[in-house]
Amino acid sequence: MTTEQQGVTWKQVLADKMPAHLAEEIDTFENQMALRMQDKLDEKVFAELRLRRGAYGQRYDNGYRHDGERSQAIPFPQPELTKGPDTKWQAPGMQRIKLPYGGMTAEQMDVLADIAEEYSDCIIHITTRQDIQLHFLRMEDIPDMHRRLASVGITTREACGNSVRNVTACPLAGVCRDEVFDVTGYANETAQYFLGHKDVQDFGRKFKIAFSGCQQHPCGLTSMHDLGLIAKKAVVDGEEKEGFEMYVGGGLGAVPFLAKLFDEFVLPEELLPLSQAIARVYARLGEKKNRNKARIKFLVSKLGIDEFRRLVKEERKTIENDPEWTNWLNNIRSYEEKPAPEPLTKGESIDLGDAANDFQRWKESNVYYQRQAGFVSVTLALPLGDLTAQQMRDLSNIVRKFTPGAARTTVEQNILLRWIHEADLPALYLALKAISLHEAGAESIIDITACPGTDTCKLGISSSRGLAAELRQRLAEKEWQYDVSLRDIRIKASGCFNSCSQHTVAEIGFYGASRLVGQRRVPHFQLVLGGEWGNNAAQYGQGLGVIPSKRVPDVVEFLIDMYLSERQDGEKFSAFVHRIGKKTIRERVKPFAAIPDYETNKEFYRDWADSREYTIGDIGIGECAGEVVTLTDFGVAKAESIYFDATLLLEEQPMNGNVKAAADKALEAMLKAAHGLLKVCDIDISEDPAVIVQSFRTNFYDTRLFFDPFAKGKFASYLFKGYEQRDEVITLDRAREIIEESRLFIEAAHECNARMLQSGITSPAGFKKWLVDREMQTV
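In this text, all values refer to a predicted model and were calculated from it rather than measured experimentally.

Give a detailed account of the overall build of the chain, specifying residues and quantitative values.
When its secondary structure is counted, the chain shows 23 helices and 22 strands. Computed over C-alpha atoms, the radius of gyration of the chain comes to 26 Å, within 12% of the 28 Å expected from 2.2 N^0.38 for 779 residues, which places it in the range of a compact globule. If you line up the chain on its principal axes, its C-alpha atoms span 80 × 65 × 60 Å. The proportion of buried residues among the 779 residues of the chain is 59%. Considering only residue pairs separated by 6 or more positions, the chain has 71% of its internal contacts joining residues 24 or more positions apart. Of the roughly 31700 Å² that the chain leaves accessible, carbon and sulfur atoms contribute 48%. If you average the places of the 98 positive and of the 114 negative side-chain charges in the chain, the two averages end up 3 Å apart.

For the packing of helix α20 (residues 689–701) against helix α21 (residues 714–724), give the residues involved together with the corresponding values.
At a minimum axis distance of 11 Å, the contact between α20 and α21 shows a crossing angle of 155°. Relative to α21, α20 is oriented roughly antiparallel. For the element pair α20 and α21, the recorded crossing hand is left-handed. On α21, the residues that touch P689, A690, V693, F696, R697 and Y701 of α20 are A716, L719, F720, Y723 and E724.

How would you sum up the pattern of salt bridges? Please name residues and give values.
Taken as a whole and judged by the stated rule, the model has 59 salt bridges. For the salt bridge of R53 with E25, the shortest nitrogen-to-oxygen distance reads 3.1 Å. Of this pair, R53 sits in the loop between α3 (43–52) and β1 (55–56) while E25 sits in helix α2 (residues 20–37), and the two are 28 residues apart along the sequence. Among the salt bridges present, the one from E737 reaches K293, with a minimum N-O distance of 3.6 Å. Remark: K293 occurs in the loop between α7 (268–285) and α8 (296–303) and E737 occurs in helix α22 (residues 732–758); sequence separation between them is 444 residues. Each member of the pair, E737 as well as K293, is classed as buried. The structure contains a network of salt bridges with shared partners spanning K11, D27, E30, D144 and R147.

Reading the values: the criteria
- All residue numbers refer to position in the chain's written sequence, counted from 1.
- pLDDT decides what is reported in this predicted model: residues at 70 or higher carry local features, side-chain atom pairs at 80 or more are listed and counted, and totals for whole chains, interfaces and linings draw on all residues regardless.
- Working from all heavy atoms in the structure, the side-chain values ignore hydrogens and water.
- Secondary structure elements follow DSSP: runs of H or I no shorter than four residues count as helices, runs of E no shorter than two count as strands, and numbering proceeds from the N terminus.
- Every radius of gyration here is taken over C-alpha atoms, with the globule rule written as 2.2 Å times N^0.38, N being the number of residues.
- Burial status follows relative accessibility: with a 1.4 Å probe on protein chains alone, a residue under 20% of its type maximum counts as buried, one over 50% as exposed, and anything between as partly exposed.
- Residue contacts are counted whenever heavy atoms from the two residues lie within 4.5 Å of one another.
- The accessible surface values rely on the Shrake-Rupley method and a 1.4 Å probe; as for residues, cover is taken only from the protein chains in view.
- Here the positive residues are Lys and Arg and the negative ones are Asp and Glu; neither His nor the chain ends is included.
- Every charge is mapped to an atom, namely NZ of Lys, CZ of Arg, CG of Asp or CD of Glu.
- Lines fitted to the C-alpha atoms define the axes, with helices restricted to the stretch that makes contact. Angles between their N-to-C directions range from 0 to 180 degrees.
- The labels follow the angle: roughly parallel below 35 degrees, roughly antiparallel above 145, roughly perpendicular from 65 to 115, and oblique for the rest.
- By convention, the crossing between two helices is left-handed when the near helix turns anticlockwise from the far helix through less than a right angle, and right-handed when the turn is clockwise.
- Salt bridges, as used here, are contacts in which a Lys or Arg side-chain nitrogen is within 4 Å of a carboxyl oxygen on Asp or Glu.

Nothing here speaks to function; it is geometry throughout.
Below you can see the structure in the form of structure tokens.
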């Protein structure tokens, strides 16, 4: 029986179980929601308020969601609000739930299971920031859900919005064989200190912090964070002390940046004040108007790390001393977990029966031997990062029996159980098998990371979850998860150019794109190679070109077969890619880019796990359109080739001044794509770069014809900036940046061309008519 049926509310039931400040915040949000329902609160204001509470709008795609096995219809109370990326705010949405360092107790797991079952579609999704996400929640249920979470010490505050997001940390912290020291407490205390702090409320964009216990493993991914901290020991005044190597200005997103070393050694007592000084400088000097340039990575790049460091050091001197900077240091050891003194099975023999062989394979791939003798950690491989509410509830009972009462989520969308007595592994395996959480292959080539993509994300272009599910099945059939030579290969798929699945740092990455073939759109994925998951994700990959979505599994199999047959002894995949060369690999995968006509194979015109046609509909074409569209397509295609040449030049740096040459080539690619689009305005458009830039600004930027529905003029600004800075000294970082910007500009050019065709803009006459119609609409 629900609380409502009993005549009481969750607010009443949990009144004495919630921290007072959290209860007050939830009450305030509930009042704000009521004002929005009455149209007494502006939607733009409410959007930021709900985002600060972790409540997102989401896309429904006609109410279907892939669950890891098949695409299933999901019932809604408001069926009229279930179509497309522009779904109304009051429709069921997504809730992000913060778990600092990925930690969750068995009691918290029970509550997560309950709210997922009662309020959402019963699916609990683990994110690449160790968060929990629930989908398809009704807005009116969110305040009570927040109360139930608050009653067990979980807050959703600042899970989204322009704030300090969930603070992540290595899930093996405290048990890792290679760590310098346990970073768990430092990560949690940092998260708690900045939660709602006045100095982090005026950012232009989000701010992400990560902790790692070592340099070499990718559990913390400090290289790709706004603020990254790596455990370190150093001698200070003749005494060895613990501290952190501090990095700043990293990030993935559309244009990835590697973090810069800010300080070689920061003592724990300086961790919070120095981080606070960084936040204050970012809040004061960071971009506010243009969200596309508002992350701290752009500020660090603009100022240079030396000047940024100087400003932060000066800012540190001005901050009034806060006792909270150090009050927690004496309690840092309280984060140490205390395992059960003896195995649950007490030496009893467990009969595995027919599961013996599967157990052995699971043990080889999913079990990590802790630095504490006799103990292991076990990774639960979650396809697509999902588990059901019932699985979470059952898992909480397993956690109580076999662990100190807690588990951790991972950045690879899995769950880690720690402090398992090695003698208990057979019993644990059978318990996990009973709830279908016993799959082998954790952190292997089949353990594919995928963002929500077109399933629920408003920005999704292609079905990343559908692709990941297909890849997992295909690769598992080959049993590649057991091949030790493939152990270090990670595959990650994003639904768009934003790096939510972290595809940029995968050995094999993909992000969603689309292409127009004839009069129909075809779902594609951009292939990204050259990334490296190891060493805290210290190497980013680059695009090799787009592949039709339905050929991606074939391409992955081809790449792996090529690696297995041509690799040198001990050669890792990323080194293999570098040795063979992206140019050679691109030529070899080129045949996979071919697309059959619609009548020959209609499957190419549908996305994974979706029976609907992926189309922009029928378009009427004038007699001259064929020639003009062909010239436009040719120009954009040529731009892709020039972009790829830029990536090859960058690979060969620092030889022969190729850094500057690579940047120039990237700018040339953007100019070629812009020139191709301008053919629709003037078939004889000059090839003079100054003319191209000015004409593009007038005809595509000022008219907003080039604007992306969500990113607006972001991609056009890359061309303008590249042209304005063409004569400046180019650093390696700037060369990497402009090459990534060139890739995104070309993708935007493809999309702009498709939108023009859909609108009938296929000739100079059609362009002029569009301008006239646009002016009439604004009168």
